[in-house]
Amino acid sequence: MAQVVIVMGSATDRPTAQKAEKILEKFNITYETFVASAHRTPDRVVEIVRNSGADVFIALAGLSAALPGVVAVSYTHLRAHET
């Protein structure tokens with residue numbers, strides 16, 4: 001089970017996800033990365049979040065801020081932190 005789940009809204013967010021992955025690897029933190037859209041594949045977002053068992057979610061969405069909010073508010077008991 002991964003400690004961190006990275007969810008990208010689309011494959012175009014991959015360069016940003018790679019930056020996060022590099023930092024997680026530096027600290028030997030286990031992670032999994034997925035592509036799932038709050039708009040196009042909302043059921044997949046729910047499935048990933050509910051079945052992951054992760055302690056932390058990193059949600060990346062280039063043009064829309066919907067994915068982080070959907071992950072944090074709708075499907076977890078964890079709190080959102082925006083930077």
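Residues numbered from 1 in each chain as written. Predicted model: local features only at pLDDT ≥ 70, side-chain atom pairs only at ≥ 80, totals over all residues. Heavy atoms only, no water.

(A) Geometry of the overall build of the chain. A count of helical and extended segments in the chain gives three helices and three strands. Helices (α) and strands (β) of the chain occur, in sequence order from the N terminus, as β-α-β-α-β-α. Burial analysis of the chain (83 residues in total) assigns 34% to the buried set. Here the analysis covers contacts within the chain between residues at least 6 apart in sequence; of these, 68% occur between residues at least 24 apart. For the chain, the accessible area works out to roughly 5600 Å², and carbon and sulfur atoms hold 54% of it. (Helix = DSSP H or I, 4+ residues; strand = E, 2+ residues; numbered from the N terminus. Buried < 20%, exposed > 50% of the residue type's maximum accessible area, 1.4 Å probe, protein only. Contact = heavy atoms within 4.5 Å. Areas by Shrake-Rupley, 256 points an atom, 1.4 Å probe, with all protein chains shown as cover.)

(B) Structural context of the pattern of salt bridges. Considering all chains together, one arrives at one salt bridge under this definition. Between Arg-14 and Glu-21 there is a salt bridge; the shortest N-O distance is 3.0 Å. (Salt bridge = Lys/Arg side-chain N within 4 Å of Asp/Glu carboxyl O.)

(C) Here's a closer look at the pairing of strand S1 (residues 4-8). Extensive coverage of S1 is indicated by the burial of five of its five residues. Side chains Val-4, Ile-6 and Met-8 of S1 all project onto a buried face; the interleaved residues Val-5 and Val-7 project onto the opposite face, where all are buried too. Judged from the five bridges that link them, S1 and strand S2 (residues 31-35) form a sheet pairing that is parallel. Bridge pairing in S2 places Val-7 opposite Phe-34. In this fold, S1 hands off to helix H1 (residues 14-26), which returns the chain to S2; that crossover is right-handed. Relative to strand S3 (residues 56-60), S1 is paired through five bridges, and the arrangement is parallel. For Val-4, the partnering residue across the bridge sits in S3 and is Val-56. (Pairing = 2+ DSSP bridges. Right-handed = clockwise from strand over helix to strand, strands pointing away.)

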